[in-house]
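# Chains, contacts and geometry: an overview
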Amino acid sequence: MLAITRVITRRIHGTSDVTFPKLSGFSIVSPKHVEVEYADGGKFKFSSEFLRIHSPAADGKVRSIGGEKVISGRRYVGIMSAEPVGNYGVRLVFDDLHRTGIYPWDYFYELGSNKFSLMRKYIKTLQKHNLSREPPPRKR
């Protein structure tokens with residue numbers, strides 16, 4: 001979480017104490033996966049669920065429990081499209097209609113560098129609040 005906080009702080013204040021390698025590739029492998037490659041050889045594969053729960057945008061469907069941002073029920077979310085935003089990032093449009101997050105290339109690098117610890121923390125947070133990655137049952 002500290003790494004994410006640093007990235008957000010850098011974006012808000014416009015400063016950067018870290019330089020990130022140049023982007024060399026971005027592709028949506030399927031509606032469920034994105035691959036991002038960097039000039040230093042770093043290559044990250046992200047699930048759409050992971051990117052959705054780590055969206056850099058404020059979202060009305062986010063629960064705030066005890067000050068924690070908790071997004072649940074997104075295990076099967078998919079990506080419908082990716083729209084370039086200048087030279088610095090991409091807007092992902094998810095099939096749950098979330099589209100307000102702009103993912104800068106340096107944010108993908110931060111996420112990829114911390115992917116496993118971020119996912120572990122997410123799962124522990126869901127367990128702590130008795131929530132699930134599974135979507136809620138549909139109402140009939």
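Residues numbered from 1 in each chain as written. Predicted model: local features only at pLDDT ≥ 70, side-chain atom pairs only at ≥ 80, totals over all residues. Heavy atoms only, no water.

## Remarks on unusual backbone geometry
One non-glycine residue, Leu97, lies in the positive phi region at around 75 degrees. Along the chain, Leu97 turns up in the loop between β7 (89-94) and β8 (102-104). Under the relative-accessibility criterion, Leu97 is labelled exposed at 66%. Positive phi, normally seen in glycine, also occurs at Asn130, with a value near 55 degrees. Following the sequence through the fold, Asn130 ends up in the segment after α4 (115-128). Judged by relative accessible area, Asn130 falls into the exposed class, the value being 72%. (Helix = DSSP H or I, 4+ residues; strand = E, 2+ residues; numbered from the N terminus. Buried < 20%, exposed > 50% of the residue type's maximum accessible area, 1.4 Å probe, protein only.)

## Structural notes on the confidence of the model for the protein
For the protein, mean pLDDT is 84; residues scoring 70 or higher make up 80% of the total. Ignoring residues within four places in sequence, the model shows residues 1-15, a span with pLDDT below 50, making 19 contacts including any to other chains. (pLDDT = per-residue confidence, 0-100. Contact = heavy atoms within 4.5 Å.)

## What to know about the sheet that holds β7
Taken in spatial order, the three strands line up as β6-β7-β8 in an open sheet, and their pairing is antiparallel. Every interior strand has two partners, whereas the edge strands, β6 (79-85) and β8, have only one. Neighbour-to-neighbour, the strand axes of this sheet turn through a mean angle of 30 degrees, independent of strand direction. Helix-sheet contacts for helix α3 (residues 105-113) involve β7 and β8, and the interaxial angle to β8 is about 75 degrees. (Pairing = 2+ DSSP bridges. Axes fitted to C-alpha atoms, helices over the stretch in contact; angles between N-to-C directions.)

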